[in-house]
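So the chains spell out like this:
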Amino acid sequence: MRPPKRPIQAVSTWVRRQPPKVKAFLAVVSGMVALVLLRAVVHDHDNLFVAAEAVHAIGISVLIYKLMKERTCAGLSLKSQELTAIFLAVRLYCSFVMEYDIHTILDMTTLATTSWVIYMIRFKLRSSYMEDKDNFALYYVVGPCAILALLIHPSTSHHIVNRIAWAFCVYLEAVSVLPQLRVMQNTKIVEPFTAHYVFALGVARFLSCAHWVLQVLDTRGHLLVALGYGLWPSMVLISEIVQTFILADFCYYYVKSVFGGQLVLRLPSGVV
């Protein structure tokens, strides 16, 4: 006689058997429920953005631990780290010339650690870098982001170059994780430290998205007006939502793997 399934396993099995449209609907409903809970628990929603940066920093710390302890960068995407460094550098420039606050300090710290990770992959641990798996062409994301920034950017009083740079880093951040997802799709097996890092990115993206959505709700849409006119305010929200949904499927399989007691995450075909 087969032992009864745990509730989580039963729910996971049921969700996995549903068609894509039902899964998308369940993801939207889950996201809305999470937003309602965050709105009730977190009174100052600016803290969500700081929390997002803190979770991202934790993810980077896990990555650094992996590189220092295991002395291997297998499974990591150098291209994702380079895209992250690019949008952080551009965002830092925008922070210095447009608005200097606590987020600037957080970005400086994250850029420094990301640069160290890039150095380790490129030079110290090059022999373990899976270059053949890290085959996502960067011009697929950098080019469209640059063109989109030229067409749709803030309508503030800042210099046009600064406004375009601001839009570019927003768009690039939304898709910077795609090369890492491609590496994991190519390998199918994700070792624990890399899985923890990508999951931390997913949580950080959700918190950042929740921050923007709740800010819009709290101000009854006035925040969108403060960001300017035209398509730019909507594009900011869309970029945050895109970041969240890009990682949503991976986070689902990560949680399922953790609750199932699996140390190594195995991804089915077509997950990311």
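The shown structure was predicted, so the numbers you read here are calculated from the model rather than taken from an experiment.

Each value, and the rule that gives it
Residues numbered from 1 in each chain as written. Predicted model: local features only at pLDDT ≥ 70, side-chain atom pairs only at ≥ 80, totals over all residues. Heavy atoms only, no water. Helix = DSSP H or I, 4+ residues; strand = E, 2+ residues; numbered from the N terminus. Expected span 1.5 Å × (residues − 1). Buried < 20%, exposed > 50% of the residue type's maximum accessible area, 1.4 Å probe, protein only. Arc of directions from axis to C-beta. Contact = heavy atoms within 4.5 Å. UniProt positions renumbered as here; feature names shortened; annotations may be inferred. Phe/Tyr/Trp six-rings, centres within 6.5 Å; stacked < 30°, edge-to-face > 60°. Salt bridge = Lys/Arg side-chain N within 4 Å of Asp/Glu carboxyl O. Axes fitted to C-alpha atoms, helices over the stretch in contact; angles between N-to-C directions. Left-handed = near helix turned anticlockwise from the far one by under 90°.

*Asks:* Would you take a moment to explain helix α6 (residues 139–151) for this structure?
*Replies:* Side chains three or four residues apart in an α-helix point the same way, a direct result of the helix having 3.6 residues per turn. Across its 13 residues, α6 extends 18 Å between first and last C-alpha, which sits within 8% of the 18 Å expected from 1.5 Å per residue. For α6, the set of buried residues is V141, C145 and A149. Angularly, the buried residues of α6 cover 55° about the axis, an arc narrow enough to put them on a single face. When the buried face of α6 is taken as reference, the exposed residues oriented beyond 90 degrees from it are Y139, Y140, I147, L150 and L151. For α6, the secondary structure elements touched by its buried residues are α4 (78–98), α7 (160–175) and α8 (178–187).

*Asks:* I'm lost on the UniProt feature "transmembrane region" (unreviewed entry) in the protein in this one. Help?
*Replies:* UniProt annotation of "transmembrane region" (unreviewed entry) refers to residues 24–42, 48–68, 135–152, 164–181, 193–214 and 234–255 when read in the numbering used here. As annotated, residues 135–152 has a helix share of 72% and a strand share of 0%, and its two end C-alpha atoms lie 29 Å apart. In residues 234–255, the share of helix is 100% and the share of strand is 0%. The end C-alpha atoms are 31 Å apart.

*Asks:* Teacher, can you tell me more about the environment of V97 here?
*Replies:* Structurally, V97 is set in helix α4. Look at V97 and you get partly exposed, because its relative accessible area is 39%. Along the sequence, V97 and H158 sit 61 residues apart, while their C-alpha atoms lie 8.8 Å from each other. When neighbours within four sequence positions are excluded, V97 is seen to be in contact with H158 and N162.

*Asks:* Hey, could you run me through the packing of aromatic side chains in this one?
*Replies:* We describe a pair of aromatic rings using the distance from one ring centre to the other and the angle between the two ring planes. The final tally for this structure, using the stated rule, is eight aromatic pairs. Ring centres of Y139 and Y140 lie 4.8 Å apart, and the angle between their planes is 65°; on these two criteria the pair is classed as edge-to-face. In this structure Y139 comes out as exposed when scored by relative accessible area, which is 58%. Judged by centre distance (6.1 Å) and plane angle (75°), the rings of Y171 and W232 are edge-to-face.

*Asks:* Hey, could you run me through the pattern of salt bridges in this one?
*Replies:* Any two side chains of opposite charge can pair if their charged atoms end up close together. Scanning the entire structure with this criterion turns up seven salt bridges. Between R122 and E82 there is a salt bridge whose closest N-O contact spans 2.7 Å. Highlighted residues: R122 in helix α5 (residues 102–124) and E82 in helix α4, separated in sequence by 40 residues. Residue R122 is classed as partly exposed on the basis of its relative accessible area of 37%. Classification of E82 as buried rests on a relative accessible area of 16%.

*Asks:* Explain the packing of α4 against α7 here, please?
*Replies:* Axes are the key here: two packed helices are described by the angle between their axes and the distance separating the axes. It is at 9 Å that the axes of α4 and α7 come closest, and there the two elements cross at 145°. Here the hand of the crossing between α4 and α7 comes out left-handed. Where α4 approaches α7, its residues L83, I86, F87, V90, R91, Y93, C94, V97 and M98 are matched on the opposing element by N162, A165, W166, F168, C169, L172 and E173.

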